[in-house]
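# An overview of the molecular structure
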Number of protein chains: 2
Amino acid sequence: MEISHRNLTQQLTHELGEAILQGKYNEFKKLPSEADISIEYDVSRTATREAIKMLTAKGLISSRPRQGIKLKDIKSWNLFDTDVLRWILLGKPDLYMLRHFLQLRLAIEPEAASLAARFATTDELAQIERSLASMKFNQAGYEDSHQGDIDFHKSILFASNNPFFVQLTTFIETALKVNLLFTNRAEAVSEAEYQAHVEIFNLIKAGNAQGAFDAAMKTQRETLRLVDEKIAEFKSKNL
Amino acid sequence: MEISHRNLTQQLTHELGEAILQGKYNEFKKLPSEADISIEYDVSRTATREAIKMLTAKGLISSRPRQGIKLKDIKSWNLFDTDVLRWILLGKPDLYMLRHFLQLRLAIEPEAASLAARFATTDELAQIERSLASMKFNQAGYEDSHQGDIDFHKSILFASNNPFFVQLTTFIETALKVNLLFTNRAEAVSEAEYQAHVEIFNLIKAGNAQGAFDAAMKTQRETLRLVDEKIAEFKSKNL
DNA sequence: CAATAGTATTTATAATACAAAATAGACCTC
DNA sequence: GAGGTCTATTTTGTATTATAAATACTATTG
């Protein structure tokens, strides 16, 4: 992903973040002291402290003199932070977390479609349409599968013209990629799916907020149903 | 608010965060160098760097050698971070931002109510009920006004048993408090409002997901309509 | 004028020293 | 022995200094 040139501090931040999300530390086994982390990762205490501060800013840990560095309860983690999210998914990808994702999408996307129907500019509509074209292209077997699909959902969030929904684009994108992983759909987008997306676009373009909401909701429910099935299947297999 | 014992680094983080959100710096006027910040706020470069790292972790800024510290586009800010949110509200509270908030609540809360209807434990139901009692108490004129109202919405999010929705409790709480500020409703909760909340609770308790969704949606639409009116009023006044 | 080499500025990292906070344990009192 | 106080110890917090690395800017050279 966007690794770019990570400096030491950022490198360490990510390594510690991943280690935490892999369950290396927990409520009983607290993190090593700054000094020990410095030794373990062979960096100065300066770099260690800066990494600790970044993780603190993301709500993962807290540190106090003499007490050391402690993991915080998941309630205070910034789950909507891209890094935290990625660490979670890399750590222990499980179907329940995926369902939680989809429940959130179910809440967000229909409303985003509704807002897009009311507030999208012509440029933003064009962007949505372009992603549809890309889906059609994927359907024919070219290109990265489902990138058009992903762009479609992103561009709708963007067209909501609400900064909070826009912020969720990265979030939803990650959710979509994980979803594709689990539903094992490497094949092309089906015609039915494509048509469902076209319908949503047409309703948005027509400015039909309620219609766009309902259509998007229908799609989301279907996706969630698929995962619920997967979970049921998985459960019966492991009995 | 929860100031507790802020150390220098955290103090500086908040001061810089507020300064940024008050528009003291922008895309043209970048932040001073670490050295200058240290002088201006009379702290060591160590503390300054750690504060900068925390703001970086929250997506507000980025820093590179020779280039200095630059503000990032709002698209990369972690709007769901409690601190960022508070700085935004303290900075320039405007009705449009409030509407954006409410649009998000409209997306989140009905679905949370629906999930609560399906997954709430008896303890969580009891918690919702307690907040209703507190509302009734407020109605009679005692206690902090609307704290029960706020607790009601928080406890429903909590009862969704979805960590993403739970994470939004703080977010929604802030939104509610600002909303109360703008709608100028220092008086007690009305009987109609109280009854609407009781209805939502009963539907959740009965396990009626669709009903709870619809009832919560209705309440949210009403709140949003009130703010839309305020905005229209404000516009006509300033012509 | 273009490519290149040099220079200056700013962040990145390291190392050291000491201050402040929090805790555990010793000690003391009754 | 219960309870409290004091002290020692551990760990983070802050400051300072030094140097490295990255990069924008400048000057030079062909």
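Thresholds applied
- Residues numbered from 1 in each chain as written.
- Chains lettered and ligands numbered in written order.
- Predicted model: local features only at pLDDT ≥ 70, side-chain atom pairs only at ≥ 80, totals over all residues.
- Heavy atoms only, no water.
- Contact = heavy atoms within 4.5 Å.
- Buried area = accessible area lost by both parts, 1.4 Å probe.
- Salt bridge = Lys/Arg side-chain N within 4 Å of Asp/Glu carboxyl O.
- Polar contact = N/O pair within 3.5 Å; in protein donor to acceptor, adjacent residues only side chain to side chain.
- Helix = DSSP H or I, 4+ residues; strand = E, 2+ residues; numbered from the N terminus.
- Nonpolar A, V, L, I, M, F, W, Y, C, P; charged D, E, K, R; others polar.
- Least-squares fit on C-alpha atoms with pLDDT ≥ 70 in both.
- Patch = residues over 30% accessible without salt bridge, like charges linked within 9 Å, V, L, I, M, F, W, Y side chains within 5 Å.
- Areas by Shrake-Rupley, 256 points an atom, 1.4 Å probe, with all protein chains shown as cover.
- Lys, Arg positive; Asp, Glu negative; His and termini not counted.
- Charge placed at Lys NZ, Arg CZ, Asp CG, Glu CD.
- Domains from an automatic or database assignment.
- Phe/Tyr/Trp six-rings, centres within 6.5 Å; stacked < 30°, edge-to-face > 60°.
- Expected span 1.5 Å × (residues − 1).
- Buried < 20%, exposed > 50% of the residue type's maximum accessible area, 1.4 Å probe, protein only.
- Near = heavy atom within 4 Å.

### Here we look at the interface of chain B and chain A
With 41 residues of chain B at the contact, the number on the chain A side is 41 residues. For the pair chain B and chain A, the two sides together bury roughly 3,700 Å², of which 65% comes from carbon and sulfur. Among the residues chain B hides against chain A, the three largest losses belong to Phe 80, Phe 164 and Gln 167 of chain B. Together they make up 20% of the total. There are two salt bridges connecting chain B and chain A. The partner of Glu 50 of chain B in a salt bridge is Arg 49 of chain A, and the shortest N-O contact between them spans 2.8 Å. If you look at where chain B meets chain A, you find 18 residue pairs in polar contact (both at pLDDT 80 or more). Contributing elements (two or more residues each) for the side of chain B that touches chain A: α3 (45-57), α5 (95-119), α8 (163-183) and α10 (209-237) of chain B. Grouping the amino acids of the side of chain B that touches chain A by side-chain chemistry returns 23 nonpolar, 10 polar and eight charged.

### Looking at the relation of the copies chain B and chain A
Expressed as a screw transformation, the operator carrying chain B onto chain A has a rotation angle of 180° and an axial translation of 0.1 Å, and the superposed copies differ by an RMSD of 0.1 Å. Expressed as an axis order, the relation between the two copies is that of a two-fold axis. Looking at the interface residues of chain B, 100% of them are also at the interface in chain A, so both copies use one shared face.

### Side note on a positive patch on the surface
Taken together, Lys 30, Arg 64, Arg 66 and Lys 70 of chain A make up a surface patch of like positive charges. Within the element layout of this structure, Lys 70 of chain A appears in strand β2 (residues 68-71).

### As for the domain arrangement of chain A
According to the domain assignment, chain A consists of domain 1 (8-76) and domain 2 (94-237). A straight line from the C-alpha centre of domain 1 of chain A to that of domain 2 of chain A covers 36 Å.

### So, the packing of aromatic side chains
Tallied over the full model, the rule gives 11 aromatic pairs over all chains. Seen from their ring centres, Phe 80 of chain B and Phe 171 of chain B are 5.2 Å apart, and the 40° between their planes marks the pair as tilted. Of the two residues, Phe 80 of chain B sits in the loop between β2 (68-71) and α4 (82-91) while Phe 171 of chain B sits in helix α8, which places them 91 residues apart along the sequence. One aromatic cluster in this structure is built from Phe 80, Phe 101, Phe 164 and Phe 171 of chain A together with Phe 80, Phe 101, Phe 164 and Phe 171 of chain B.

### Re helix α1 (residues 8-21) of chain A
Taking 1.5 Å of rise per residue, 14 residues should cover 20 Å, and α1 of chain A covers 20 Å from first to last C-alpha, within 8% of that figure. Here α1 of chain A has its buried residues at Thr 9, Leu 12, Thr 13, His 14, Leu 16, Gly 17, Ala 19, Ile 20 and Leu 21 of chain A. Buried residues along α1 of chain A sit in contact with α2 (34-41), α3 (45-57), β1 (61-64), β2 and α4 (82-91) of chain A together with α3 of chain B. Of the residues flanking the end of α1 of chain A, it is Gly 23 of chain A, one or two places downstream, whose phi is positive at about 80°.

### Some remarks on the protein's contact with DNA strand D
Taken together, 23 residues form the shell around DNA strand D, and within it Leu 8, Thr 9, Ser 44, Arg 64 and Gln 67 of chain B come nearest. Among the atoms of DNA strand D lying within 4 Å of the protein, the sugar-phosphate backbone contributes 66%. One nitrogen or oxygen atom from the side chain of Thr 9 of chain B is found 2.8 Å from a phosphate oxygen belonging to DNA strand D. Elements supplying a minimum of two residues to the surface near DNA strand D: α3, β1 and β2 of chain A together with α1 (8-21) and α3 of chain B. The residue inventory of the surface near DNA strand D, partitioned by class, reads six nonpolar, eight polar and nine charged.

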